[in-house]
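Chains, contacts and geometry: an overview
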Amino acid sequence: MDAEDLSQLLYASSLSPELKKFRLHLVTWNVGTASPPKDAFHLMQLDIPIDMYVIGLQEVNCKIINLLADIVFDDSWSVFFMGVLSPLGYVKIASIRMQGLMLLVFAKLLHIPFIQNVRTNYTRTGLYGYWGNKGGVTVRMSIYGHMVCFMNCHLPAHMENANQRLDDFEKILEVQRFEGQYVPDILDHDVVFWFGDLNFRIADHGMHFVREAISKSQLSLLWEKDQLNLAKKKEGILQGFMEGPLLFKPTYKFDLHSDTYDTSEKKRKPAWTDRILWKLKNVSQVLPEEDTKSEEDSPFTVALNNYISHMCYDISDHKPVTGTFMLQFKPLVFAPLVTLEPEGEWSADKETVLCYSTVPDFPSSTWDWIGLYKVAFRHIHDYATYAWVKDNEISRNGNVKQVYINADEIPRDGGKFILCYYCHNLQSLTGISQPFQINPAPLLEKNYLDENPNESDGINRSKWSEMTLE
């Protein structure tokens, strides 16, 4: 996305109080410790416009050496998805990892000022709650004022553990609570998306019957014996959870690098272990075949556009599953909480000033900061530099405040940038400026940097000043 496209998007976002439709693409994939694939076009449905991507992974490689490397650097799966989505104008706004469980959320830049109150949480259920190989990781947020929760789970395996899977799910719902005054419990959100390797199996039917039904595309013969479908009919904890029809083949278990079901000695019976469900709180639920005329009268609706697996990915013994949803709602937030812009012309060799203003009762904090970002930034902490709004404030006039950024911290090569305000109390970017140009450093300084590349990130200003005086 170039600066002109970004400017138009930001302008449109501030003029669209009637925005009603928000397309969500959700991915769940047990990757079996594999490295990312070479291509993500089909997985991410890149041929249709998407407002937000939510990606839940299970069994990400969590050997000690990998976990240590991921502390210092972004993990390979995050890097992969950022590489795919960032050039298309998406920013990673939230992530959480618990051993092999990972949850990533990307949103189009124009929506980011309207996505607030971001919080994460996790619950271990492996080894009686002491080990994180099983359990759930959660991200919740406010989208245009509506509270939405995403929960990625990896539940116990094997046919005989259906009750344990339900017990673990109930435990996750009970113990996970979010900090702050906004909707502390998972099921109190306007909508909850529950997905992951839920590990439910096909009961009663033998291996031959299951494989024969699959080969003849008679999948409906297997639905009534699916353990999750059976549980939804009688377990109170699952009441209200919706799922699209299982029109795709069972997604487990495959031989690696093939579309062939398990030929090992264990010969695991195929099953729909990888699922996506959702539940709304006292509002309408809409499936594709249902009449949608009443959507205008509902405060929040969810329509499932498609629910499919992706057989072309063969790096794991599971096939990924995706669900594309259309959320429709009446926005409760119509304008960004913070407006900000650069003052005057910015150059890489001069101290710069920006100004910002906030809405009344804005929950500001001494931990708030303003970041300077390249136009196509990848995640919230992918800034070129930042300034603490309290420490770097130089003046205020009513609600308008000025903040300076030291010249030493401005990127030497200049380019197209934007300013973003990060609110600590809301854990989100609450304001984004229009894109603007920073002029590069003068030629003399650029030559000095070329001759002293080790000082490119923090040039010795006094030394350069001595050079200019000679």
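Residues numbered from 1 in each chain as written. Predicted model: local features only at pLDDT ≥ 70, side-chain atom pairs only at ≥ 80, totals over all residues. Heavy atoms only, no water.

Before going further, it helps to examine the sheet that holds strand β19 (residues 400-405). One open sheet holds the four strands; their spatial order is β13-β15-β19-β18, and the pairing between them is antiparallel. Each edge of the open sheet carries a strand with a single partner, namely β13 (338-343) and β18 (393-397). With strand direction ignored, the average angle separating the axes of adjacent strands in the sheet is 25°. Of the pairings in the sheet, the one linking strand β15 (residues 352-358) to β19 comprises six bridges and is antiparallel in character. Following the sheet pairing, Tyr-356 is matched in β19 by Lys-401. (Pairing = 2+ DSSP bridges. Helix = DSSP H or I, 4+ residues; strand = E, 2+ residues; numbered from the N terminus. Axes fitted to C-alpha atoms, helices over the stretch in contact; angles between N-to-C directions.)

Attention now goes to the environment of Asn-397. Relative to the helices and strands, Asn-397 resides in strand β18. Using a relative accessible area of 64% as the deciding quantity, one classes Asn-397 as exposed. (Buried < 20%, exposed > 50% of the residue type's maximum accessible area, 1.4 Å probe, protein only.)

In this section: helix α6 (residues 207-215). Turning to α6, its buried residues are Val-210, Ala-213 and Ile-214. Buried positions in α6, seen along its axis, are confined to an arc of 100° and lie on one side of it. Along α6, exposed side chains directed more than 90 degrees from the buried face belong to His-208 and Ser-215. Where the residues of α6 are buried, they touch α7 (220-223). (Arc of directions from axis to C-beta. Contact = heavy atoms within 4.5 Å.)

Here we come to the side chain of Arg-275. Take Arg-275: it is sitting in strand β9 (residues 274-280). In this structure Arg-275 comes out as buried when scored by relative accessible area, which is 0%. Polar contacts involving the side chain of Arg-275 include one to the main-chain carbonyl oxygen of Trp-272, which spans 2.9 Å. Beyond its immediate chain neighbours, meaning those up to four positions away, Arg-275 contacts Thr-28, Trp-194, Phe-195, Gly-196, Leu-198, Asp-226, Leu-228, Asn-229, Glu-243, Leu-246 and Tyr-307. (Polar contact = N/O pair within 3.5 Å; in protein donor to acceptor, adjacent residues only side chain to side chain.)

Glancing now at the pattern of salt bridges. Evaluation of the coordinates by the stated rule reveals eight salt bridges. Of the charged contacts in the structure, one is a salt bridge between Arg-275 and Asp-226, with a shortest N-O distance of 2.9 Å. Residue Arg-275 is located in strand β9, and its partner Asp-226 is located in the loop between α7 and α8 (227-234); the two are separated by 49 residues in the primary sequence. Here the two residues Arg-275 and Asp-226 agree in accessibility, since each one is buried. Arg-275 is the partner of Glu-243 in a salt bridge, and the nearest nitrogen-oxygen pair spans 2.7 Å. Of this pair, Glu-243 sits in the loop between α8 and β9 while Arg-275 sits in strand β9, and the two are 32 residues apart along the sequence. The class for Glu-243 is buried, based on a relative accessible area of 10%. Through salt bridges that share partners, Asp-226, Glu-243 and Arg-275 make up one connected network. (Salt bridge = Lys/Arg side-chain N within 4 Å of Asp/Glu carboxyl O.)

Below, the discussion takes up the environment of Lys-279. By the secondary structure assignment, Lys-279 is in strand β9. A C-alpha to C-alpha distance of 8.7 Å links Lys-279 and Gln-239, two positions 40 residues apart in sequence. There is a polar contact of 3.0 Å between the side chain of Lys-279 and the backbone oxygen of Gln-239.

Glancing now at the confidence of the model for the protein chain. Per-residue confidence for the protein chain averages 88 on the pLDDT scale, and 83% of its residues sit at or above 70. The low-confidence segment residues 456-470 (pLDDT under 50) makes 22 contacts with residues lying over four places distant or belonging to another chain. (pLDDT = per-residue confidence, 0-100.)

Further remarks concern the packing of aromatic side chains. Aromatic ring pairs are described here by two measures, namely the spacing of the ring centres and the angle between the planes. Applying the stated criterion across every chain, the model contains 29 aromatic pairs. Between Phe-150 and Phe-193, the ring centres sit 5.5 Å apart and the planes meet at 15°, which makes this aromatic pair stacked. Of this pair, Phe-150 sits in strand β7 (residues 146-154) while Phe-193 sits in strand β8 (residues 191-197); the two residues are 43 residues apart in sequence, bridging distant segments of the chain. Relative accessible area serves as the criterion here: at 0%, Phe-193 is assigned to the buried category. Ring plane angle 40° and centroid distance 4.3 Å describe the contact between Tyr-373 and Phe-377, whose orientation is recorded as tilted. Pair check on accessibility: Tyr-373 and Phe-377 agree, each one buried. Members of the aromatic cluster, joined through ring pairs, are Trp-367, Trp-369, Tyr-373, Phe-377, Tyr-383, Tyr-386, Trp-388 and Tyr-422. (Phe/Tyr/Trp six-rings, centres within 6.5 Å; stacked < 30°, edge-to-face > 60°.)

Time to look at the side chain of Ser-309. In this fold, Ser-309 is placed in strand β11 (residues 300-309). Under the relative-accessibility criterion, Ser-309 is labelled buried at 15%.

In terms of burial, β8 is a largely internal element, seven of the seven residues being buried. Here β7 runs beside β8; their pairing, made up of seven bridges, is parallel. Across the sheet, the residue bridging to Asn-152 is Phe-195, located in β8. Pairing of β8 with β9 involves seven bridges; the strand directions are antiparallel. Residue pairing across strands places Phe-193 opposite Trp-278, the latter belonging to β9.

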